Amino acid sequence: MSAGPPVAFYVHVPFCLSICPYCDFAVVAGRAARRDAGRVAAFVAAVRTELDLRADGLDRAYPAGRPALQSVYLGGGTPSLLAPAEVAGLLDHVARRFGIAAAAEITLEVNPGRADRGDLRGFHAAGIDRLSLGVQSLHAGDLRALGRRHTPSDVVDAVSEARAAGFGSVNMDLLYDVPGQSLASWRSTLDAALALEPEHVSAYALSLDDPDAEGLTGPFGDHLPLRRGARAWRDRARGSQDQDRAAEQYEAASDRLAGAGLRRYELSNWARPEHESRHDLAYWHRDPVEALGPGAHAFDGDSVRRWNAAPLEPYLAALSPSDGRPAGLPPGGEERLDPDEARAEAAILGLRLPEGLDQALLVDPALEPGLRWGLATGLLVDSQGRLRLTPRGRLLGSELFMRLLPAPAADPGGQARRGTATLIAAEIMI
Amino acid sequence: MATIPQARLRNFSIIAHVDHGKSTLADRLLELTHTIDARQMTSQVLDSMDLEREKGITIKARAVRLEYPAGDGLTYGLNLIDTPGHVDFSYEVSRSLQACEGALLVVDAAQGIEAQTLANVHLALAQDLVIVPVINKIDLPSAQPALVMEELENVLAIPREEVILVSAKEGTNVGAVLEAIVARIPPPKGDPDAPLRGLIFDSHYDAYKGVIAYVRLAEGSLRAHEHVRLMASGAQSEILELGVFRPQLVPVQRLGPGDVGYVATGLKSVRDCQVGDTLTSASGPASAPLPGYQPAKQLVFAGIYPMRGEDYGELRDALEKLHLNDASISFLPESSVALGFGFRCGFLGLLHMEIIQERLEREFALDLIASAPSVEYVVTLTNGRGEVHVDNPARLPAPGDIESIAEPWVRASVVTPSQYIGTLIELATGRRGTFGSMEYLDAQRVLLTFELPLAEIIVDFYDQLKSRSQGYASLDYESIGYRPGALVKLDVLVAGEPVDALSLIVHRDRAQADGRALVEKLKELIPRQMFEVPVQATVGSNVIARETIRAMRKNVLAKCYGGDITRKRKLLEKQKEGKQRMKRVGSVEIPQEAFLAVLRTGGAG
């Protein structure tokens, strides 16, 4: 593990036509997201300013030059609300300041709805070569329960448009453990999704955490405060989640997806050969990642995780000052991992991948007790020199992962670090 | 501060049910006599503990001196001695009443007399106190002062014409209360030239001035820097300061017969200056002490343990400090297989226990865990080996060594609107109670009496009483001694391991139902573990109820991307912390709530 220049590049586009109650990303909706009167153009200008400021910093840090990016990912939000020309301009700008490798993977997140999937042909022409569709479900009842705007037939249309536009790599995000969803309806969603022949499927259990309670929603936090409606929705939805059903749904997904020739290459991700998300693998391999936009997280590849604050207006105000001052970096914060935390994080991310961990890590005194516990309880298996999760370990991973983290008592720095992050953020503001 | 002659002193308490407006009336009296100016006025001045204000109850007795220029043109010194209103604290009430010649009886115009009020009025009458009846909250739309007057007349033989109708909230007629105190309550008796005798009715510990004794002088007088002696403990000291309560401590030069004030003794241990002791002069001591108080009787016992074993020493220090202020708690070290090292503590009642636990947690920043509360049983051993007292179910001798077990019983008085008579009798008889008597207070309300095992009412009897009567019934109880009972020990096994802190002593006929309720509750509260966990209730070697906590199926984070990595790591850290706060029994992690819930539902069925 060592710090280095970024090999992957993320842009967070914080606009949606409407906000889904379970979503934790930094997003604004309504007027602000409308093309004409809204803040989209202002955001595109601001993010390009941020791009230059970040690139300037990296140029200073790596005067001998940096390697070209292996992946670019436009996420959100609904980045398909951008015009193809805006996407093209942004990618040109990235290429100019960072370099994009010839074989790089360039992904755009797309909502399948008619009104927000945008001009897929135009995006392809702009240089996008992979689409990630926010499908969530192919069951109309689930989509309504989740507050989604699209219907199952929109998904079918979106995929055929994507194919017609020339996209050879399409991901579908699917959600299980959704209120009201049965094992049978989940199986039918999996079957309907597979019938559309995606190259990649991400299947996530719906997670309903509370960013306010976790202290993530302050002025320098990477999350926006939960709206009252969303909070009420989550409180209700939590009551109808069920770990037994979720476990069966996960097992059903594993069976169906493997049966269709998609290989699990991370706990929640399946792909046909050569279609694994290189951008996501960069996160899991702890490669350095640059990230722009409100709420986006960058990583130096070693020990520093930096984020932009989630609120859009302060972001715009810092990068496009109206009072003639020079543009500055947006508010945000960072956390510095100590070596024990970094090693635990690497182990956790590694165990989520099928390759698992090198057995030699058993001699690491910080990790050994947790790993031995995993072996003793049958969550881990030691084969051919690698430690890997067993099928049971894939369902109960957190029980093992928390035992790999340094003891909280020996780590009173949690609060202090949050404090440091705020201080740094405040300096950036000035 | 001017000295007021003995003939113009009045010492009084206020007797009232919770929420009947005692603290508001006290606030008005303080305002009207300019004891506190409007700037300093916060509501419930006398309830100075945060907990008292939050819960709206008075826990500790308080005293305050009011100076009142009466209608006759003379200034009177009125000592108000505040009393707690909850059944757990009747002991404090009786202490306060002993320092008075009269009592204001405050009754809510919409609610009428409550069981607790009746009990306290009887205490006051037994001590020959003059009762000044006040009906409060006459501003409420639902006020029925005529009906309440009828109750007072029927139940306490208080003539209507003596009753003062007030609204403490709006200040209506509060002046008449002050005039009545002056006119009706006699001044304290006591010869100023007799040898000094003063009754200690409360105390607190001050880091600079030592034990501050709250004293009411019966005879003689007391001057600053006098040498005093405590007749029971024999401790002597030179007074550092004496004074009155305004309500903060204000020094004076002299206290005379009937005066209520404080004495800074400089003594370092509350044990040397116990409540109920008699203060006398070291140079010319009295020949006999005043009749003291009955020592506080602890009725409810529970183990209190630190969440983290290393906090044991801090818990001990905290209990010692609290004991300085509240002599009614007792504590002895004990240990539990499940909970480690802690203390078996005795309390006046369940509310008292809750308050002490909260004070320990707030004032001393301790994380605590409490075992299920228990009463004290008297166990007669076989073969004439005598008796043992058992206040911890886990310490009950083996069945073969037990000849018989006796448990404490109480006489409970319940005041309720008559439509709830049926359900409340059912509640009491369902708790092994026997119905005693029924007396109509007025056309709608009755006073019921029952005899019940104390163990049956310490847990949630009061909550049940309130919920069955939609909040209208009130409860008071007094001890009536020990009676034998067919009692057995109910043990709980989690994954085959006995959890001593969950043991209960229950009636044999109820063991089955209680055991079932307990294991069902535990099934809800113990989170699913990595493996299946049986929870069993046993009596001796018989399993009487069993539930199974199914193994955990899924606990894994779905997503782990750029921004998620930090957040998810912190969520895992939090999960890990939660796990570390649990108590391990064998290989099972039991959350604190499981022990607390047993406290709420244990033995209740």
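Up top you'll find the structure we're talking about.
The following paragraphs examine the structure supplied in this document. (Residues numbered from 1 in each chain as written. Chains lettered and ligands numbered in written order. Predicted model: local features only at pLDDT ≥ 70, side-chain atom pairs only at ≥ 80, totals over all residues. Heavy atoms only, no water.)

**Things to note about the overall build of chain A**
Now for step 1: Helix and strand content of chain A: 15 helices and 15 strands.
Now for step 2: The proportion of buried residues among the 430 residues of chain A is 55%.
Now for step 3: Nonlocal contacts in chain A, meaning residues at least 24 apart in sequence, comprise 71% of its contacts between residues at least 6 apart. (Helix = DSSP H or I, 4+ residues; strand = E, 2+ residues; numbered from the N terminus. Buried < 20%, exposed > 50% of the residue type's maximum accessible area, 1.4 Å probe, protein only. Contact = heavy atoms within 4.5 Å.)

**Thoughts on the pairing of strand β9 (residues 289–292) of chain A**
Residues and elements named next belong to chain A.
Now for step 1: Side-chain alternation along β9 places Val289 and Ala291 on one buried face and Glu290 and Leu292 on a second face that is also buried.
Now for step 2: In this sheet, β9 lies alongside strand β1 (residues 8–13) in parallel orientation, the contact comprising four bridges. Along β9, the bridge assignment pairs Val11 with Leu292. (Pairing = 2+ DSSP bridges.)

**A short note on the sheet that holds strand β14 (residues 380–383) of chain A**
Hydrogen bonds between backbone atoms are what pair the strands of a sheet, whose relative direction is either parallel or antiparallel.
Residue and element names in this part refer to chain A.
Now for step 1: Taken together, three strands build an open sheet; the order of strands is β13-β15-β14 and the sheet is antiparallel. What marks the edges here is a single partner per strand, and that holds for β13 (357–358) and β14.
Now for step 2: Across two bridges, β13 lies against strand β15 (residues 386–389) in antiparallel orientation. Note on β15: the bridge partner recorded for Asp358 is Arg386.
Now for step 3: Sitting on the sheet, helix α12 (residues 368–377) is in contact with β13, β14 and β15, with an inclination near 95° to β14. (Axes fitted to C-alpha atoms, helices over the stretch in contact; angles between N-to-C directions.)

**Observations concerning the side chain of Arg54 of chain A**
Now for step 1: Turning to its location among the elements, Arg54 of chain A is positioned in helix α1 (residues 40–61).
Now for step 2: Looking at Arg54 of chain A, the relative accessible area reads 10%, which means it is buried.

**Some details on the packing of helix α1 (residues 22–32) of chain B against helix α6 (residues 174–184) of chain B**
Residues and elements named next belong to chain B.
Now for step 1: Close contact between α1 and α6 brings their axes to 10 Å; oriented N to C, the two are set at 80°. Classified by the interaxial angle, the pair formed by α1 and α6 is roughly perpendicular. In contact with Leu25, Arg28, Leu29 and Leu32 of α1, α6 contributes Val174, Gly175, Val177 and Leu178.
Now for step 2: For the contact of α1 with α6, the per-class residue count stands at six nonpolar, one polar and one charged. (Parallel < 35°, antiparallel > 145°, perpendicular 65-115°, else oblique. Nonpolar A, V, L, I, M, F, W, Y, C, P; charged D, E, K, R; others polar.)

**A word on the interface of chain A and chain B**
Now for step 1: Facing 56 residues of chain A, the contacting portion of chain B comprises 30 residues.
Now for step 2: A combined buried area of about 3900 Å² lies between chain A and chain B, and 53% of that area is made up of carbon and sulfur atoms.
Now for step 3: Residues Arg550 of chain B and Asp244 of chain A are paired through a salt bridge, measuring 3.2 Å at the closest nitrogen-oxygen approach.
Now for step 4: Between chain A and chain B we count 26 residue pairs in polar contact (both at pLDDT 80 or more) in total.
Now for step 5: Contributions of two or more residues to the side of chain A that touches chain B are made by β6 (200–205), α8 (243–259), α9 (278–284), α11 (339–351), α12, α13 (391–395), α14 (397–404) and α15 (413–429) of chain A.
Now for step 6: Considering every element that reaches the side of chain A that touches chain B, the biggest residue donor is α8 of chain A, with seven residues. (Buried area = accessible area lost by both parts, 1.4 Å probe. Salt bridge = Lys/Arg side-chain N within 4 Å of Asp/Glu carboxyl O. Polar contact = N/O pair within 3.5 Å; in protein donor to acceptor, adjacent residues only side chain to side chain.)

**Considering α1 of chain A**
All names here are of chain A.
Now for step 1: Taking 1.5 Å of rise per residue, 22 residues should cover 32 Å, and α1 covers 31 Å from first to last C-alpha, within 8% of that figure.
Now for step 2: Looking only at α1, the buried set comprises Val40, Phe43, Val44, Ala46, Val47, Glu50, Leu51, Arg54, Ala55 and Leu58.
Now for step 3: Next to the buried residues of α1 lie β1, α2 (84–98), β9, β11 (304–308) and α10 (312–319). (Expected span 1.5 Å × (residues − 1).)

**Regarding the environment of Arg227 of chain A**
All names here are of chain A.
Now for step 1: As for its position among the elements, Arg227 is in the loop between β6 and α7 (228–239).
Now for step 2: Take Arg227: its relative accessible area is 53%, and that puts it in the exposed class.
Now for step 3: Along the chain, Arg227 and Pro21 lie 206 residues apart, while their C-alpha atoms are 8.4 Å from each other.

**Describing a nonpolar patch on the surface**
Now for step 1: Taken together, the side chains of Phe435, Met438 and Tyr440 of chain B define a hydrophobic patch exposed on the protein surface, amounting to about 300 Å² of accessible area.
Now for step 2: Note on placement: Phe435 of chain B falls in strand β24 (residues 434–440). (Patch = residues over 30% accessible without salt bridge, like charges linked within 9 Å, V, L, I, M, F, W, Y side chains within 5 Å. Areas by Shrake-Rupley, 256 points an atom, 1.4 Å probe, with all protein chains shown as cover.)

**Things to note about the pattern of salt bridges**
All names here are of chain B.
Now for step 1: The full count for this structure, using the stated rule, is 68 salt bridges over all chains.
Now for step 2: Measuring nitrogen to oxygen at the nearest pair gives 3.4 Å for the salt bridge that ties Arg28 to Glu31. Linking Arg28 with Glu31, this pair stays in helix α1, spanning three residues, or about one helical turn.
Now for step 3: What makes Glu31 partly exposed here is its relative accessible area of 32%.
Now for step 4: Ionic pairing is found between Glu101 and Arg216, a salt bridge with its closest N-O pair at 2.6 Å. In this pair, Glu101 is assigned in the loop between α3 (90–98) and β4 (102–108) and Arg216 in strand β8 (residues 210–219), connecting sequence segments 115 residues apart.

**Observations regarding the pairing of strand β12 (residues 332–336) of chain A**
Residue and element names in this part refer to chain A.
Now for step 1: Along β12, four of the five residues are buried, which leaves the element largely enclosed by surrounding structure.
Now for step 2: Of the strand pairs in this sheet, β11 and β12 are connected by five bridges, and their pairing is antiparallel. Counterpart to Arg305 in the pairing with β12 is Glu335.

**A word on α8 of chain A**
Think of an α-helix as turning once every 3.6 residues; residues three or four places apart then point the same way.
All names here are of chain A.
Now for step 1: Under the 1.5 Å per step criterion, the end-to-end length of α8 is 24 Å for 17 residues, consistent within 8% with the ideal 24 Å.
Now for step 2: Taken together, the buried positions of α8 are Asp244, Arg245, Ala246, Ala247, Gln249, Tyr250, Ala252, Ala253, Ser254 and Leu257.
Now for step 3: Residues of α8 that are buried sit in contact with β5 (170–176), α6 (183–195), β6, β7 (263–266), β8 (269–271) and α13.
Now for step 4: The opening residue of α8 is Asp242, an N-cap whose side-chain oxygen sits 2.9 Å from the backbone nitrogen of Asp244.
Now for step 5: Following α8 by one or two positions, Gly261 adopts a phi angle in the positive range, close to 90°.

**Quick look at the sheet that holds strand β20 (residues 368–370) of chain B**
Residue and element names in this part refer to chain B.
Now for step 1: Pairing is antiparallel in the open sheet, where four strands are placed in the order β18-β19-β17-β20. Since the sheet does not close on itself, it has two edges, and those belong to β18 (330–336) and β20, each with one partner. Strand-to-strand twist in this sheet, taken as the mean axis angle between neighbours without regard to direction, amounts to 30°.
Now for step 2: Across the sheet, helix α8 (residues 350–363) is in contact with β17 (300–306), β19 (340–347) and β20; its angle to β20 comes to roughly 160°.

Don't take any of this as a statement about function, it's just geometry.
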